[in-house]
Amino acid sequence: MADDRSGRVRYGAIQADDSKIGRTMSALTAQLDDGQLALMTTMAEPYLKKGQWPVWHYVEAQLDRQGLDAASVLKSLPSVGSPLIGQRSYGLAWYDRNQLADDSRPVLTVAAGLHVPQLERVFGVHFITILQYLIKHQQAMTPSPDKVEKAYVTSDDIRRDFSAVTPEFLGALPGIFRHEPVLRSGYSTWGTSNGWRFELNRELAKYRNVSNLSEYVSQVTEILLEEQLLFEATHSGAQYAQNIIIGASEDLVPTATPAVTVPVYVNAGLIEELEQKQGQTTWSLDKLLQLLRELNDCYAGDHVYACHALVRAVIDHVPPILGATSFESAVSNYKWTRTDKKYMARLLEFKNQADDVLHRRIRPSKDVIAMHDLLPFGAYLNALLRECIDKL
């Protein structure tokens, strides 16, 4: 990128320079087959026209005409990082891997710009320019020795400093940020009418030497590889570290599969049974399944407040399955076994603890709710789900 005399970064063509790619050969740069390219092109065309990714029903219909199974093709797109709960991964597309609903809108990530020429200007030029702009301002910050002062770049700043940026691209930036590692944590809504801001946090420094799309994808791969190596070394022993592989490389073959145990709060077998019940009952299980998946994700990540909120949401969500209008009514009137009756009484007591998390206002003293306070209720919640599944 070149700077003009006004100090603004000019848009210009960026050619990927493979010689600058780091030590990690990323699967994200590997050549795609015709079906994968057809899928990504089908998704990109409506996005470039309207600034919104198409619904999955449209994508499936378009690929059906080409004799392709859209879901299989989507899931075949390469990714890097770890698929384990609580760990980060990144691929050419972002979507709900558990359920591809007709009205869902899978998105292509910035890395897709390496493969879809139509996206190159948006992801390979404009996005990199904005990234460099954020980094430039982050490096120019002067921190206070006395207090923490956060700094931001806002959508108004972008609009002012980049006259060439279209309203459509400015409106699309939040969606781009939300699906990029490191960057998603900096974005937040701000002001009125679609305004947003980006916190100039230290994480931006990880992209300090990135000047084009190829280097950006390489750096993302490096970041996730380092995270995975650290996780595997910590949880499975350092002997596995040298065998970790990102993507498909013929020169590197893992000699062992790390036996990583990820903690779960809701029994995985129960979630699988619920998935099998989907479509076989009059109840819609979409929300319940998503609540349980998010609960396990948050539990693996030690997100204590989110876990409390999600457990509370689950026990308030399922009473109709048991013929009750509220959980209090289900506890009182449903014919439980003696043990399960005690479990449900404890779950009912849990609502007070969840209320503490959700509704207690800020105060000078430190909060006393911790992750271990949640642990006893796991067995009780699984018992509730067991009964609900048996009633479906």
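Residues numbered from 1 in each chain as written. Predicted model: local features only at pLDDT ≥ 70, side-chain atom pairs only at ≥ 80, totals over all residues. Heavy atoms only, no water.

Visitor: Any chance you could explain the sheet that holds strand β7 (residues 196-199) here in plain terms?
Guide: In sheet architecture, strand pairing relies on hydrogen bonds along the backbone and comes in two forms, parallel and antiparallel. In space, the three strands of this open sheet follow the order β5-β7-β6, with antiparallel pairing throughout. Both edges of this open sheet fall to β5 (152-154) and β6 (187-189), since each of them pairs with a single strand only. Taken over all neighbouring pairs, the strand axes of this sheet differ in orientation by 30° on average, direction set aside. One ladder, built from three bridges, connects β6 with β7; its direction is antiparallel. (Pairing = 2+ DSSP bridges. Helix = DSSP H or I, 4+ residues; strand = E, 2+ residues; numbered from the N terminus. Axes fitted to C-alpha atoms, helices over the stretch in contact; angles between N-to-C directions.)

Visitor: Just to check I follow, could you spell out the packing of helix α4 (residues 120-139) against helix α6 (residues 167-177) for this structure?
Guide: Helix-helix packing: each pair is described by the crossing angle between the helix axes and the interaxial distance. The interhelical angle for the contact between α4 and α6, taken along N-to-C directions, is 80°, at an axis separation of 12 Å. As far as their axial angle goes, α6 and α4 are roughly perpendicular. Packed against α4, whose contacting residues are V122, F123, H126, F127, I130 and L134, the element α6 presents F169, L173, I176 and F177 at the interface. Tallied by class, residues from the contact of α4 with α6 come to nine nonpolar, one polar and no charged. (Parallel < 35°, antiparallel > 145°, perpendicular 65-115°, else oblique. Contact = heavy atoms within 4.5 Å. Nonpolar A, V, L, I, M, F, W, Y, C, P; charged D, E, K, R; others polar.)

Visitor: Is there a simple way to explain the pattern of salt bridges in this structure?
Guide: If charged atoms from side chains of opposite charge come close, those side chains can pair. What the rule picks out here adds up to 15 salt bridges. For the salt bridge of R386 with E273, the shortest nitrogen-to-oxygen distance reads 2.7 Å. With R386 in helix α13 (residues 377-391) and E273 in helix α8 (residues 268-277), this pair connects stretches of sequence that are 113 residues apart. Relative accessible area serves as the criterion here: at 28%, R386 is assigned to the partly exposed category. (Salt bridge = Lys/Arg side-chain N within 4 Å of Asp/Glu carboxyl O. Buried < 20%, exposed > 50% of the residue type's maximum accessible area, 1.4 Å probe, protein only.)

Visitor: What is the right way to read the nonpolar core from this model?
Guide: If you look at soluble globular proteins, the nonpolar side chains tend to sit buried side by side. Counting 62 residues, the largest nonpolar core has F177, Y207 and Y216 as the members making the most contacts within it. Sort the elements by how many residues they give to this core and α4 lands first, with nine residues. (Core = buried A, V, L, I, M, F, W, Y, C linked by side-chain atoms within 4.5 Å.)

Visitor: Would you mind going over helix α2 (residues 56-64) with me for this structure?
Guide: Two residues of an α-helix separated by three or four positions point the same way, owing to the 3.6 residues in each turn. Buried within α2 we find W56, V59 and L63. All buried residues of α2 fall inside an arc of 60° around its axis, so they share one side. Contact partners of the buried residues in α2: α1 (34-50) and α3 (70-76). (Arc of directions from axis to C-beta.)

Visitor: Could you clarify how one ought to interpret helix α10 (residues 304-317) in this entry?
Guide: Between its first and last C-alpha atoms α10 spans 20 Å; for 14 residues at 1.5 Å apiece the expected length is 20 Å, and the two agree. Where α10 is concerned, the buried positions are V304, C307, H308, L310, V311, R312, V314 and I315. Its buried side turned inward, α10 meets α9 (286-300), α11 (327-333), α12 (338-359) and α13. (Expected span 1.5 Å × (residues − 1).)

Visitor: I keep staring at the pairing of β7 and nothing clicks. Help me out?
Guide: Every regular strand shows the same layout, with side chains that alternate between the two sheet faces. Because side chains alternate across β7, one face comprises the buried residues W196 and F198, and the other comprises R197 and E199, none of which is buried. By the bridge criterion, three bridges tie β5 to β7 in an arrangement that is antiparallel. By the bridge assignment for β7, T154 is matched with R197.

Visitor: Can you walk me through the packing of α1 against α2 in this structure?
Guide: It is at 10 Å that the axes of α1 and α2 come closest, and there the two elements cross at 135°. Here α2 runs oblique to α1, going by the angle between their axes. With respect to the hand of their crossing, α1 and α2 are arranged in right-handed fashion. Between α1 and α2, the residues in contact are A38, L39, T42, M43 and P46 and W56, Y58, V59, Q62 and L63, respectively. For the contact of α1 with α2, the residue count by class is eight nonpolar, two polar and no charged. (Left-handed = near helix turned anticlockwise from the far one by under 90°.)

None of this, on its own, says anything about what the molecule does.
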